[in-house]
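One letter stands for each residue in the lines below.
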Amino acid sequence: MVPRKKGLIVNISSLGGQSYLFNVAYGIGKSAVDRMAIDCGVELKKHNVACLSLMLGAVRTEITTNLILNSKSDKGKIKSDPNQSQASDKSVKEIFREGESVEFGGKIIAAMATDASIMKYTSKIVIGAEYASRNNIVDIDQRRIASHREFGQMGKYFVPKPLKSLASLVPSTFKVPQFIIDIALSKYK
């Protein structure tokens, strides 16, 4: 890529790189690919090689389907943040039930490979659902995948039941600013 002065490197990330999800190894791995994309992006930019981290949402892989969606009990269930309430664990199952297909990320990467302005994403963590929305990419079942930053999406899982109907009234264009999510997930509170 460097001799050709053109290229794209995409690391696959998740919210697990920013907050506890599943287990320690998962979080460390996702944090590492984010850091690698940011640092490599800095070094490769002068060679016109884009390096980024693509943050996907809840992907319905074979593992998530078997461990989360098909589980009949809480035994062996993948946990969210252990400091959160049990409602968070119930939300994990709901979130993955509505998750994106494994092909969705591939569709995004294929679009990125032909994106003439891909260099503006180098050295960044790119939220897959938001890139897809900007580029009219839908999942294989023709669903628009919502970003985790969309207030209506967050409200479905993390707003108290009496307020859930109000959360659905907020347009999908209203997104919680990333810096607020970063502060909420910050380890330096």
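Relevant structure appears above.
First, a word on scope: everything that follows refers to the structure included in this document. Worth saying up front: this structure is predicted, and the values here are computed from it rather than measured. (Residues numbered from 1 in each chain as written. Predicted model: local features only at pLDDT ≥ 70, side-chain atom pairs only at ≥ 80, totals over all residues. Heavy atoms only, no water.)

This brings us to the pattern of salt bridges. Counted according to the given criterion, the structure contains 4 salt bridges. The salt bridge involving Arg-149 is made with Glu-130; its shortest N-O contact spans 2.7 Å. Of the two residues, Arg-149 is situated in the loop between helix H5 (128-134) and helix H6 (151-158) and Glu-130 in helix H5; the sequence distance between them amounts to 19 residues. For Arg-149, a relative accessible area of 13% puts it in the buried group. On the accessibility criterion, Glu-130 (11% relative accessible area) is buried. For Asp-141, the salt bridge is made with Arg-143, and the minimal N-O distance between the two is 2.7 Å. Residue Asp-141 is classed as partly exposed on the basis of its relative accessible area of 39%. One continuous salt-bridge network, built from bridges that share partners, spans Asp-139, Asp-141 and Arg-143. (Salt bridge = Lys/Arg side-chain N within 4 Å of Asp/Glu carboxyl O. Helix = DSSP H or I, 4+ residues; strand = E, 2+ residues; numbered from the N terminus. Buried < 20%, exposed > 50% of the residue type's maximum accessible area, 1.4 Å probe, protein only.)

With that settled, the discussion passes to the nonpolar core. By size, the foremost hydrophobic cluster in this structure holds 17 residues, and its most contacted members are Leu-52, Leu-54, Ile-108, Met-112, Val-126 and Tyr-131. Where this core is concerned, the elements lending two or more residues are strand E2 (49-55), helix H4 (102-113) and H5. With residues up to four places along the chain from it excluded, the contact list for Val-126 reads Leu-52, Ser-53, Leu-54, Met-55, Met-112, Tyr-121 and Tyr-131. Ranked by size, the runner-up nonpolar core spans 6 residues in total, among them Leu-21, Ala-58, Val-92 and Phe-96. (Core = buried A, V, L, I, M, F, W, Y, C linked by side-chain atoms within 4.5 Å. Contact = heavy atoms within 4.5 Å.)

What follows is about the environment of Ile-127. Topologically, Ile-127 is positioned in strand E3 (residues 125-127). On the basis of relative accessibility, which here comes to 13%, the residue Ile-127 falls in the buried class. When the C-alpha atoms of Ile-127 and His-148 are compared, they prove to be 8.6 Å apart, with 21 residues separating the residues in sequence. Ile-127 has contacts with Met-55, Ser-147, His-148, Arg-149 and Gln-178, leaving out every residue within four places of it along the chain.

Once that is clear, we can look at the environment of Ile-140. Looking at where Ile-140 falls in the secondary structure, it is placed in the loop between H5 and H6. Taking relative accessible area as the criterion, Ile-140 reaches 48% and is therefore assigned partly exposed. Spatially, the C-alpha atoms of Ile-140 and Phe-104 are 6.8 Å apart, while their sequence positions differ by 36 residues. Once residues lying within four places of it in the same chain are set aside, the contact partners of Ile-140 are Ser-101, Glu-103 and Lys-107.

So, about the sheet that holds strand E1 (residues 7-13). With parallel pairing, 3 strands are arranged side by side in an open sheet as E1-E2-E3. With partners counted over all chains shown, the strands left at the sheet margins are E1 and E3, one partner each. Here the average twist between neighbouring strands, direction ignored, is 35 degrees. With 3 bridges joining them, E2 and E3 adopt parallel strand pairing. Residue Leu-54 lies in a different strand from E3, and its bridge partner there is Val-126. The sheet contacts of helix H1 (residues 24-44) involve E1, E2 and E3, and relative to E2 the element is tilted by about 160 degrees. Strands in contact with H4 are E1, E2 and E3; relative to E1, the strand with the most contacts, it is inclined by about 155 degrees. (Pairing = 2+ DSSP bridges. Axes fitted to C-alpha atoms, helices over the stretch in contact; angles between N-to-C directions.)

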